[in-house]
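The residues making up each chain are set out below.
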Amino acid sequence: PMWMKMKNSHNPFVNAIYLGLRDWNVLAARATRPQFWFFVLAVVIFSSVAQLIAFLLDLPFVALIGFGPFSFVVFLVSIALVAPSVSITVRRLHDAGSSPAWAWVGLGVSLLVWPIIGVGFFLLLGALFAANEAVVFIGLGLIWSASLIALCFGIFLLVLLVMPSSPLDSKYGPAPVTQPAPPAQTELPEPATPNPDASASPTGEDPEPATESVHDR
């Protein structure tokens, strides 16, 4: 089965997807930086491709019944991915040594910001038809305020999530084991080869044979 293949896979991308889905309700653990971002990448790719396919498949249904069933299915699957996404975010904060409460704050900000933006757009559209400038400013204020809050907190949470793993063990698990870098290989100097011309005279002539001394006789 595909699930067993994902479990036994040595590919870090596939392994991150498997761990993210398997541990969808596990909070008291750690998730390394590659595991978290590989899972986020997989969710983004899946959501983008699924929404595009659902949009294309829903075109005849929208023209006939005014409703897209495939988009609704993708919406339900996206809601189902919220639980593993929040869980792996909590584990990533554990691994980085940060407070896991920031993950829940982020979820609360998301649940609060989108309704405020929706109300702002509703007031803005209504005010444009009614030509009411005061309501237009209220709608724009709600949209800009909620967007600014989401942007500032998103940058703050992003900084926490890109932090490296804490080298210390914690109650959520031991520190990730990193493979030591291989020692640098130093090239040994090549042995010097004897120069056959070293014994030759500078003039290029063969040196005269040594004369026999008196003591050698």
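If you're wondering where the values come from, they're calculated on a predicted model, not measured in any experiment.

Caption draft 1: How the structure looks around the packing of helix H3 (residues 33-65) against helix H5 (residues 82-96). Two numbers describe how H3 lies on H5: the axes approach to 9 Å, and their chain directions differ by 155 degrees. Here H3 lies roughly antiparallel to H5, going by the angle between them. For the pair H3 and H5, the crossing hand works out as left-handed. From H3, Arg 33, Gln 35, Phe 36 and Phe 39 reach across to H5, where they touch Pro 84, Ser 85, Ile 88, Thr 89, Arg 92 and Asp 95. A per-class count over the contact of H3 with H5 returns four nonpolar, three polar and three charged.

Caption draft 2: Spotlight on the side chain of Thr 89. Along the chain, Thr 89 turns up in helix H5. According to the relative accessible area criterion, Thr 89 is buried, its value standing at 13%. Of note is the side chain of Thr 89, whose polar atom sits 2.7 Å from the backbone oxygen of Ser 85.

Caption draft 3: Spatial organisation of the confidence of the model for the chain. Mean pLDDT over the chain stands at 83; residues scoring 70 or higher make up 81%. The secondary-structure element of the chain with the lowest mean pLDDT is helix H1 (residues 2-7), recorded at 79, while H5 shows the highest, at 95.

Caption draft 4: Structural view of H3. Here H3 is 33 residues long and its end C-alpha atoms lie 45 Å apart, about the 48 Å a rise of 1.5 Å per residue gives. Approximately 45 degrees is the largest bend angle found in H3, and it occurs at Asp 58, with the proline Pro 60 only one to four residues beyond. Where H3 is buried, its residues touch helix H2 (12-22), helix H4 (69-80), H5 and helix H7 (133-161). Gly 66 lies just past H3 and shows a positive phi near 70 degrees.

Caption draft 5: The arrangement of the pattern of salt bridges in detail. Inspection of the entire model under this criterion finds three salt bridges. Here Arg 22 and Asp 23 are joined by a salt bridge, their closest N and O atoms 2.9 Å apart. Taking the relative accessible area as the measure of exposure, Arg 22 reaches 41% and is therefore partly exposed. Linking Arg 30 and Asp 95 is a salt bridge whose minimum nitrogen-to-oxygen distance equals 3.0 Å.

Caption draft 6: Looking closely at the nonpolar core. Judged by nonpolar contacts, the single largest core of 18 residues is most densely connected at Ile 88, Leu 93, Val 113 and Leu 161. Elements with a contribution of two residues or more to this core: H3, H5, helix H6 (101-130) and H7. Take this core: its biggest share by element is five residues, from H7. Residues in contact with Leu 93, not counting those within four places in the same chain, are Ser 98, Ser 99, Pro 100, Trp 102, Ala 103, Leu 160 and Leu 161. Counting residues in hydrophobic clusters, the runner-up holds five residues, among them Met 6, Ile 17, Tyr 18 and Leu 19.

Caption draft 7: Representation of the packing of aromatic side chains. One pass over the structure, following the stated rule, counts six aromatic pairs. An angle of 45 degrees between the planes, with centres 6.2 Å apart, marks the rings of Trp 102 and Phe 153 as tilted. In this pair, Trp 102 sits in helix H6 while Phe 153 sits in helix H7, placing the two residues 51 residues apart along the sequence. Note on Trp 102: relative accessible area 32%, which makes it partly exposed. Each member of the aromatic cluster is reached from another via a ring pair, and the members are Trp 102, Phe 153 and Phe 156.

Caption draft 8: Expanded view of the packing of H2 against H3. Between H2 and H3, the least distance of the axes is 8 Å, while the angle of their chain directions is 85 degrees. Taken together, H2 and H3 sit at an angle that is classed as roughly perpendicular. Side by side, H2 and H3 meet where Pro 12, Phe 13, Ala 16, Ile 17, Leu 19, Gly 20 and Leu 21 of the first sit next to Gln 35, Phe 38, Phe 39, Leu 41 and Ala 42 of the second. Split into classes, the residues belonging to the contact of H2 with H3 amount to 10 nonpolar, two polar and no charged.

Caption draft 9: Broad picture of the layout of surface pockets. Approximately 1100 Å³ is the volume attributed to the largest pocket. The wall of the largest pocket is formed by 31 residues, among which Ser 85, Val 86, Gly 106, Leu 107 and Ser 110 lie closest to the centre. Among the secondary structure elements, those contributing two or more residues to the lining of the largest pocket are H3, H4, H5, H6 and H7. Per-element accounting of the lining of the largest pocket gives the leading share, nine residues, to H6. Tallied by class, residues from the lining of the largest pocket come to 24 nonpolar, seven polar and no charged.

Cut-offs used in this document
- Per chain, residue numbering runs from 1 following the sequence as it is written.
- Where local features are concerned, this predicted model is filtered to residues with pLDDT of at least 70; where side-chain atom pairs are given and counted, the filter is 80 or more; whole-chain, interface and lining totals use all residues.
- With hydrogens and water set aside, each side-chain value is computed from the structure's full complement of heavy atoms.
- Geometry is summarised by axes, namely lines fitted to C-alpha atoms with helices restricted to the contacting stretch, and by angles between N-to-C directions that run from 0 to 180 degrees.
- The secondary structure listing takes helices from DSSP runs of H or I that are at least 4 residues long and strands from runs of E that are at least 2 residues long, numbered from the N terminus.
- Should an angle fall under 35 degrees it is called roughly parallel, over 145 degrees roughly antiparallel, and 65 to 115 degrees roughly perpendicular, with every other angle called oblique.
- A crossing counts as left-handed when the near helix is turned anticlockwise from the far one by less than a right angle, and as right-handed when that turn is clockwise.
- The criterion used for residue contact is that any of the two residues' heavy atoms lie within 4.5 Å.
- Residues are grouped as follows: Ala, Val, Leu, Ile, Met, Phe, Trp, Tyr, Cys and Pro are nonpolar; Asp, Glu, Lys and Arg are charged; all remaining types, including Gly, are polar.
- Partly exposed describes any residue whose relative accessible area lies between the buried limit of under 20% and the exposed limit of over 50%, with all areas from a 1.4 Å probe on protein chains only and scaled to the type maximum.
- Pairs of N or O atoms are called polar contacts if they sit within 3.5 Å, as long as, within protein, a hydrogen donor faces a hydrogen acceptor (for residues adjacent in sequence, only side-chain-to-side-chain pairs).
- The predictor reports its confidence for every residue as pLDDT, a score running from 0 up to 100.
- How far a helix is expected to stretch is found by multiplying one less than its residue total by 1.5 Å.
- Here the bend at each residue means the angle between axes fitted to two seven-residue stretches, the one ending at that residue and the one beginning there.
- When a carboxyl oxygen of Asp or Glu lies within 4 Å of a side-chain nitrogen of Lys or Arg, that pair is called a salt bridge.
- Within this scheme, the nonpolar core is defined by two criteria: the residues are buried Ala, Val, Leu, Ile, Met, Phe, Trp, Tyr or Cys, and they are joined through side-chain atoms within 4.5 Å.
- Pairing of aromatic rings covers Phe, Tyr and Trp, the last through its six-membered ring, and needs centres within 6.5 Å; plane angles under 30 degrees mean stacked, over 60 mean edge-to-face, and all others mean tilted.
- Each cavity reported here is a set of points on a 1 Å grid over the protein atoms alone in which a 1.4 Å probe fits but cannot get out, each pocket an open set with protein on both sides within 12 Å along at least five of seven lines, and each lining residue one with an atom within 4 Å of a point.
- Grid points are joined across faces, edges and corners, and a volume is the space filled by probe spheres set on the points.

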